[in-house]
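# Examination of the molecular architecture
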Amino acid sequence: METYLNLMLIRFGLLLGGLVVLALVVFAVALTLKRRGKLKQVRRFADPAVRAGLRAAARRLESGQPPIRRRGRR
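Residues numbered from 1 in each chain as written. Predicted model: local features only at pLDDT ≥ 70, side-chain atom pairs only at ≥ 80, totals over all residues. Heavy atoms only, no water.

Turning to the overall build of the protein chain, a few remarks are in order. Secondary structure assignment for the protein chain yields two helices and zero strands. Here the protein chain holds 74 residues, and 0% of them are scored as buried. Total accessible area on the protein chain stands at roughly 7600 Å², and carbon and sulfur atoms take up 64% of it. (Helix = DSSP H or I, 4+ residues; strand = E, 2+ residues; numbered from the N terminus. Buried < 20%, exposed > 50% of the residue type's maximum accessible area, 1.4 Å probe, protein only. Areas by Shrake-Rupley, 256 points an atom, 1.4 Å probe, with all protein chains shown as cover.)

With that settled, the discussion passes to the packing of aromatic side chains. For the structure on display, the rule yields zero aromatic pairs. Positioned above the aromatic ring of Phe45, the side-chain terminus of Arg44 is 5.5 Å from the ring centre. (Phe/Tyr/Trp six-rings, centres within 6.5 Å; stacked < 30°, edge-to-face > 60°. Lys NZ or Arg CZ within 6 Å of the ring centre and 35° of its normal.)

Its 35 residues place the ends of helix H1 (residues 2-36) 51 Å apart at the C-alpha level, agreeing with the 51 Å of an ideal helix rising 1.5 Å per residue. Following H1 by one or two positions, Gly37 adopts a phi angle in the positive range, close to 80 degrees. (Expected span 1.5 Å × (residues − 1).)

This structure, assessed with the given rule, holds one salt bridge. The shortest N-O distance in the salt bridge between Asp47 and Arg51 comes to 3.0 Å. Of this pair, Asp47 and Arg51 both sit in helix H2 (residues 39-63), four residues apart, which is roughly one turn of the helix. The class for Asp47 is partly exposed, based on a relative accessible area of 33%. (Salt bridge = Lys/Arg side-chain N within 4 Å of Asp/Glu carboxyl O.)

Helix length check: H2, at 25 residues, gives a terminal C-alpha distance of 35 Å against a target of 36 Å (1.5 Å per residue), a fit within 8%. Its axis deflected by about 35 degrees at Ala46, H2 carries its strongest bend there, up to four residues before the proline Pro48. (Bend = angle between axes of the 7 residues up to and from the residue.)

This next bit is on a nonpolar patch on the surface. Taken together, the side chains of Leu9, Phe12, Leu16, Leu19, Val20, Leu22, Leu24 and Val26 define a hydrophobic patch exposed on the protein surface, amounting to about 830 Å² of accessible area. Positionally, Leu24 belongs in helix H1. (Patch = residues over 30% accessible without salt bridge, like charges linked within 9 Å, V, L, I, M, F, W, Y side chains within 5 Å.)

Turning our attention to the environment of Val29. Along the chain, Val29 turns up in helix H1. Judged by relative accessible area, Val29 falls into the partly exposed class, the value being 46%. Here the alpha-carbon distance between Val29 and Leu39, two residues 10 residues apart in the chain, equals 9.6 Å.

In structure tokens:
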């Protein structure tokens, strides 16, 4: 039982560490784009994709459909 708990703690630590690294990378990219003056241009291109994704998620939540399952994963 102790070994299982240790593995779960290590797994949690790795997931949390990965999220922290991902957040730092996103922050560094945004900071670099802002310093070069291209953040507004990137925002203009990304805005339609983000809005479409949010609309699709809202439609899925309103219709009550279950999450999409990928082939080979269960």
